Amino acid sequence: MKTTKTLHHQYILKQLPTATALVGMDTVLISASDSWHAIFDTESKLAKPIHTYYSGHENITQNQLKKNLFESQEKTLRHKKLADGKEQWFNSSCSPWFDEDENQLGFIIQTKEITNLVAQEEELKRTTSHLKATAEIAKIGSWEYDLVTEELHWCEETKKIHQVEPDYKPTISEGINFYKQGYSRNRISMLFHKILENGSSYHEKLIIITNKGEERWVAAAGKAIRKNGEIIKIFGTFQDIHEQVMADKKIRESEQLLTTLIDNLPINVFVKDKDSRKILVNKAECEYLGTTPDTLLGKTDFDLYDKAVAQISRDEDLEVMRTLEPMLARETINVRKDGSSTNFLTSKIPILDLNGKSNGLIGMSMDITHIKQKEEQLHNLINVTAIQNKKLINFAHIVSHNLRSHTANFSMLLDFLIRETEEKEKQRIMKMLFHASDNLLDTLENLNEVVDISTNVNLDKKSLNLGENITKMQQNLSAFLEENQVEFENFIPDDLMVLSVPAYLESILLNLVTNAVKYRHPDRTPKVELRAIKQEKHLLFSVTDNGLGIDLERYGKKIFGMYKTFHNNKDARGLGLYIIKNQIEAMDGSISVNSEVDKGTTFNVYFNEKIE
Amino acid sequence: MKKLNSIYIIDDDPITVFGINKMLKTITTCRDITDFENGRLALEGLKQRIHQNLPCPEVIFLDINMPIMDGWEFLDELVSLDIKERIIINVITSSIDPIDYKRWNEFRLKCWHYLNFKNKPLYKIEATDLTRVHLAS
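Participant: Any chance you could explain the overall build of chain A here in plain terms?
Facilitator: Scanning chain A for helices and strands turns up 20 helices and 22 strands. Compactness check: chain A gives a C-alpha radius of gyration of 61 Å against a globular reference of 25 Å for 612 residues, more than 25% above the reference. The C-alpha extent of chain A, read off along each of the three principal axes, is 205 × 60 × 50 Å. Counting all 612 residues of chain A, 39% fall into the buried class. In chain A, 51% of the contacts between residues at least 6 apart in sequence involve partners at least 24 apart. For chain A, the distance from the average site of its 77 positive side-chain charges to the average site of its 89 negative ones is 3 Å.

Shown next, in the form of structure tokens:
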């Protein structure tokens, strides 16, 4: 009965779909299902110690088997075998086998193939470690909040970013309190509230204060996970972006600094591309051109300046980009479309690309118009001073020479007088002394006249009718003109006005006309032509005669000099032209002469029409 | 008394001409003393002399500041004339400008004739103003 019963059991066991084996207390196999035998490839179904069956599987020793399967708490063992070159994983678990009276008869071992499970486990392990590495490298942490359990879970990286211990367990309010008080905390509170309420995702850059008190920029993102339409979890990422934000900030600051610097430089700065189009302009450049950066960008010099000026600038640009040699501090003149011109000190520096070629340039122009004007003023002043100096030296020379010649005569004559015994000769010498004295007085008078002109600073120029003054001059000279039978040709319009000191105009007319008659040609009736033309800044008055003419090549330099006479004429004092030249120059005018010997002479007087 | 054939006085100032004439009387018996008002007239007189094959004046008193042709211009012209004799030229001026002295020196170096420089006022004409001692002979 007992046997039958056993057999009966065995029979059932044999057919069990789950691989099952019965083992006695001595761990010798009593019986096993076919499926069990199939796993262990046992051909004979003889009772053998259980470990002999496992010997075909890898890494299983008798001790290990005993320890894991029978003595450990789990009472399970993982083992594998190679079948057709493939790994098959199994899990054997052991449970005690009792009879009706709770007496242990042995063990029941169940073996399951778990190849798929192991593979899944492997995959999971790999994914997890991959994720962990990624999180570590990218500094992207994650977190998860379970709405049901109200538990918040931070991954390792998230904890690291917060600088908390790996075993730290945060709550929602703690998590929120890590955010910096103020904007960051308010913002995250609102976002978290919203995601709980309606599941709206967020991604925000905010500041946290770490456990160690450091301020750090993070990118926090959250996404709701729903199950059957209900939000059950919030999953989110947490990324340390402090370095990027700081770097961005630094770049922005540098940019800001550079922009501020370029913009506020008191010189015009521009960057041009290879076609000389402006791709950057600063405030000074915009102000100079009276417009905004937007309207300037993309424009060339041809759009902004006079064509000739633009062409010069374009040629400079091309030269700089071709030679790669910067053009430094060149004086340039820009003429804007409205015709106003500005002097600049311009530098152009080529911009090199990675291949060492230039596809543009940086330009800097400093407005030096006022310096230029000062320079010109200075130049003019130097010229005026030089001329005055020359005049002064010349005058000093004249004074010393003329006065000296008279005093020398006095000296000589007095020497004669002392030694002379003859009364008649003494008389003669005395007469000469008087003559010398008269000459000295004349000379002093002449010099006085010249000094008067040169020192008369407050000239009272008036607008005078030229025709009327000529008539007046003709009346004053009537006897002299009649005696010489002078023929006048007056081409001067009746209403022509000239700006002059009245006495000077009189002197100029008198001297020029007298000269024209004095140096008449012996074979011709003297003819005097008077002309006047209004010019841009001057009134040109000319006196032309048909007289002897002057060899200008020979006397040109001396003609307006003091005590210079060039003709054998008894009346010549050599003073008239010198005086009127001084008078004309004192009124900011000028005088010039054209002449041909034996043909005649023309004096041109330029009256300055400018009123100071 | 020094015997001279001919003397020129070239000066536009009659007082100086009078003075030189007066001083010459005390030192020379020359009967041919001619005065000219300017360089141009003197040059014409000289050229005429050469044309008529007359000997050149042995001594010339030359003023610098004169109208029409001044002393320097006269010297320029004189240098270009082909004159065999060496004339003693006394440049007389009231100028104390160093430039005038420099110009005189330039002429002295390039001129075939003997050049003296005398500042006004003149009180006396020395024998050396009229002759040149030939040290070599």
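So, next bit.
Participant: How should I be thinking about the overall build of chain B in this particular structure?
Facilitator: Looking only at helices and strands, chain B has four helices and five strands in total. Taking 14 Å as the expected radius of gyration for a compact globule of 137 residues, we find that chain B reaches 14 Å, a close match to that expectation. Dimensions along the principal axes, computed over C-alpha positions, put chain B at roughly 35 × 35 × 35 Å. Counting all 137 residues of chain B, 53% fall into the buried class. A fraction of 79% describes how many contacts in chain B between residues 6 or more apart in sequence connect residues 24 or more apart. As displayed, chain B has an accessible area near 6,900 Å², and 52% of this comes from carbon and sulfur atoms. Here chain B contributes 18 positively and 20 negatively charged side chains, and the mean placements of these two sets differ by 8 Å.

Participant: Honestly, the pairing of strand 19 (residues 527-534) of chain A in this entry has me stumped. Any pointers?
Facilitator: Side-chain direction in a regular strand flips from residue to residue, so the side chains alternate between the two faces of the sheet. Residues and elements named next belong to chain A. With four bridges connecting them, strand 17 (residues 487-490) and strand 19 associate as parallel partners. Counterpart to asparagine 490 in the pairing with strand 19 is leucine 530. The pairing of strand 19 with strand 20 (residues 538-545) spans seven bridges and is classified as antiparallel. The residue of strand 20 that forms the bridge with valine 528 is aspartate 545. Remark: three residues form the turn of the hairpin made by strand 19 and strand 20, two consecutive strands paired antiparallel.

Participant: Help me out: how do you make sense of the side chain of Glu285(A) in this one?
Facilitator: Counting through the fold element by element, Glu285(A) comes out in helix 10 (residues 283-289). There is a polar contact of 2.4 Å between the side chain of Glu285(A) and the side chain of Lys278(A).

Participant: Just checking my understanding: could you explain the packing of aromatic side chains for this structure?
Facilitator: Residues and elements named next belong to chain A. Tallied over the entire structure, the rule returns 19 aromatic pairs over all chains. For the ring pair phenylalanine 70 and phenylalanine 107, a centre distance of 4.7 Å and an interplane angle of 55° mean the geometry is tilted. Taken together, the positions of phenylalanine 70 in helix 4 (residues 62-71) and phenylalanine 107 in strand 5 (residues 104-113) put the pair 37 residues apart, joining distant regions of the chain. With a centroid separation of 6.2 Å and an interplanar angle of 50°, the aromatic rings of tryptophan 143 and phenylalanine 192 are classed as tilted. One end of the pair, tryptophan 143, is in strand 6 (residues 140-146); the other, phenylalanine 192, is in helix 8 (residues 183-198), and 49 residues separate them in sequence.

Participant: Help me understand the interface of chain B and chain A, please; the structure alone is not making it clear to me.
Facilitator: Interfaces are often sized by the amount of accessible area the parts lose when they come together. Each partner contributes to the interface: chain B provides 30 residues, whereas chain A provides 28 residues. By the criterion of area lost to chain A, the three top residues of chain B are Ile15(B), Phe18(B) and Ile68(B), representing 29% of everything that side buries. Across the contact surface, chain B and chain A share two salt bridges. Residue Glu420(A) is joined to Lys22(B) by a salt bridge in which the shortest nitrogen-to-oxygen separation is 2.6 Å.

Participant: Just to check I follow, could you spell out the sheet that holds strand 9 (residues 215-227) of chain A for this structure?
Facilitator: Strands belonging to one sheet form pairs held by backbone hydrogen bonds; the direction of such a pair is parallel or antiparallel. Residue and element names in this part refer to chain A. Here five strands make up an open sheet; going across it, the order is 7-6-10-9-8 and the pairing antiparallel. Two strands lie at the open edges of the sheet, namely strand 7 (151-154) and strand 8 (202-209), each paired on one side alone. The average angle at which neighbouring strand axes cross in this sheet is 25°, direction not considered. Two elements, strand 6 and strand 10 (residues 230-240), share seven bridges in a ladder whose sense is antiparallel. Along strand 10, the bridge assignment pairs tryptophan 143 with glycine 236. Where helix 8 meets the sheet, its contacts fall on strand 6, strand 8, strand 9 and strand 10, and the angle it forms with strand 8 comes to roughly 140°.

Participant: Help me understand the sheet that holds strand 22 (residues 600-608) of chain A in this model?
Facilitator: Residue and element names in this part refer to chain A. Spatial strand order, 17-19-20-22-21: five strands in an open sheet with mixed pairing. Edge strands, defined here as strands with exactly one partner in the open sheet, are strand 17 and strand 21 (590-596). For this sheet, the mean inter-axis angle between neighbouring strands, taken without regard to orientation, is 15°. Set on the sheet, helix 16 (residues 466-476) makes contact with strand 17, strand 19 and strand 20; between it and strand 20 the angle comes to about 30°. Sitting on the sheet, helix 20 (residues 576-586) is in contact with strand 21 and strand 22, with an inclination near 140° to strand 21.

Participant: For this particular structure, what's the right way to read the side chain of Asn469(A)?
Facilitator: Within the element layout of this structure, Asn469(A) appears in helix 16. Contacts of Asn469(A), omitting those with residues within four sequence positions, involve Leu464(A), Leu505(A) and Leu509(A).

Participant: What exactly am I supposed to notice about the domain arrangement of chain A here?
Facilitator: Split by domain assignment, chain A resolves into domain 1 (2-113), domain 2 (122-246), domain 3 (268-367), domain 4 (373-455) and domain 5 (462-608). Put simply, the middle of domain 1 of chain A and the middle of domain 3 of chain A, counted by C-alpha atoms, are 94 Å apart.

Participant: Just to check I follow, could you spell out a nonpolar patch on the surface for this structure?
Facilitator: Residue and element names in this part refer to chain A. Together, Leu258, Leu261 and Leu265 line one region of the surface with nonpolar side chains, adding up to about 270 Å² of accessible area. Relative to the assigned elements, leucine 265 resides in the loop between helix 9 (242-264) and strand 11 (268-273). For leucine 265, a relative accessible area of 31% corresponds to the partly exposed category.

Participant: Would you explain the environment of Lys25(B) in this entry?
Facilitator: Here Lys25(B) lies in helix 1 (residues 14-25). Through-space distance from the C-alpha of Lys25(B) to that of Asp82(B) is 30 Å; in sequence the pair is 57 residues apart.

Participant: Looking at this model, I keep getting lost on unusual backbone geometry. Mind explaining?
Facilitator: Glycine aside, residues mostly have negative phi angles, and peptide bonds mostly take the trans form. Here Lys120(B) and Pro121(B) are connected by a cis peptide whose omega angle stands at 0°. Take Pro121(B): it is sitting in the segment after strand 5 (114-119). Residue Glu102(A) is not a glycine yet carries a positive backbone phi of 65°. One can find Glu102(A) in the loop between strand 4 (86-98) and strand 5. Its identity as a non-glycine residue notwithstanding, Leu324(A) has a phi of 65°, on the positive side. Within the element layout of this structure, Leu324(A) appears in the loop between helix 13 (307-323) and strand 13 (327-335). Given a relative accessible area of 34%, Leu324(A) falls into the partly exposed group.

Conventions adopted
- All chains use their own residue numbering, which begins from 1 and follows the written sequence.
- For naming, the first written chain is A and the first written ligand is 1, with later ones following in the order written.
- Totals for whole chains, interfaces and linings use every residue, but because this is a predicted model, local features are given only for residues with pLDDT of at least 70 and side-chain atom pairs only at 80 or more, for both listing and counting.
- Water and hydrogen atoms play no part in the side-chain values, which are based on all heavy atoms of the structure.
- Helix and strand definitions here come from DSSP, where helices need a minimum of 4 consecutive H or I residues and strands a minimum of 2 consecutive E residues; each element is numbered from the N-terminal end.
- For a compact globule the rule gives 2.2 Å times the number of residues to the power 0.38, and the radius of gyration it is set against comes from C-alpha atoms.
- The cut-offs for exposure are 20% and 50% of the maximum accessible area for each residue type, with area from a 1.4 Å probe on protein chains only; residues under the lower value are buried, those over the upper are exposed, and the others partly exposed.
- Contacts: residue pairs with any heavy atoms within 4.5 Å of one another.
- The positive count covers Lys and Arg only, the negative count covers Asp and Glu only, and His and the chain ends enter neither.
- Here the site of a charge means atom NZ of a Lys, CZ of an Arg, CG of an Asp or CD of a Glu.
- Values of accessible area rely on a 1.4 Å probe in the Shrake-Rupley scheme; residue burial ignores everything except the protein chains shown.
- At least two bridges found by DSSP between two strands is the condition for calling them paired.
- Counted as a polar contact is a pair of N or O atoms within 3.5 Å, where, for protein atoms, one must be capable of donating a hydrogen and the other of accepting one, and residues adjacent in sequence contribute only when both atoms are in side chains.
- Note on aromatic contacts: the rings of Phe and Tyr and the six-membered ring of Trp form a pair at centre separations within 6.5 Å, being stacked when their planes are under 30 degrees apart, edge-to-face when over 60 apart, and tilted otherwise.
- Note on terms: buried area is the combined drop in 1.4 Å-probe accessible area of two parts once they are placed together, counting the loss on both.
- Put simply, a salt bridge is a Lys or Arg side-chain nitrogen that is within 4 Å of an Asp or Glu carboxyl oxygen.
- Think of each axis as a best-fit line through the C-alpha atoms, taken over the contacting stretch in the case of a helix, with angles from 0 to 180 degrees between the N-to-C directions.
- An automatic or database domain assignment is the source of the domain bounds shown.
- Residues enter patches when they are more than 30% accessible in relative terms and free of salt bridges; like-charged ones are connected within 9 Å and nonpolar ones (Val, Leu, Ile, Met, Phe, Trp, Tyr) within 5 Å.

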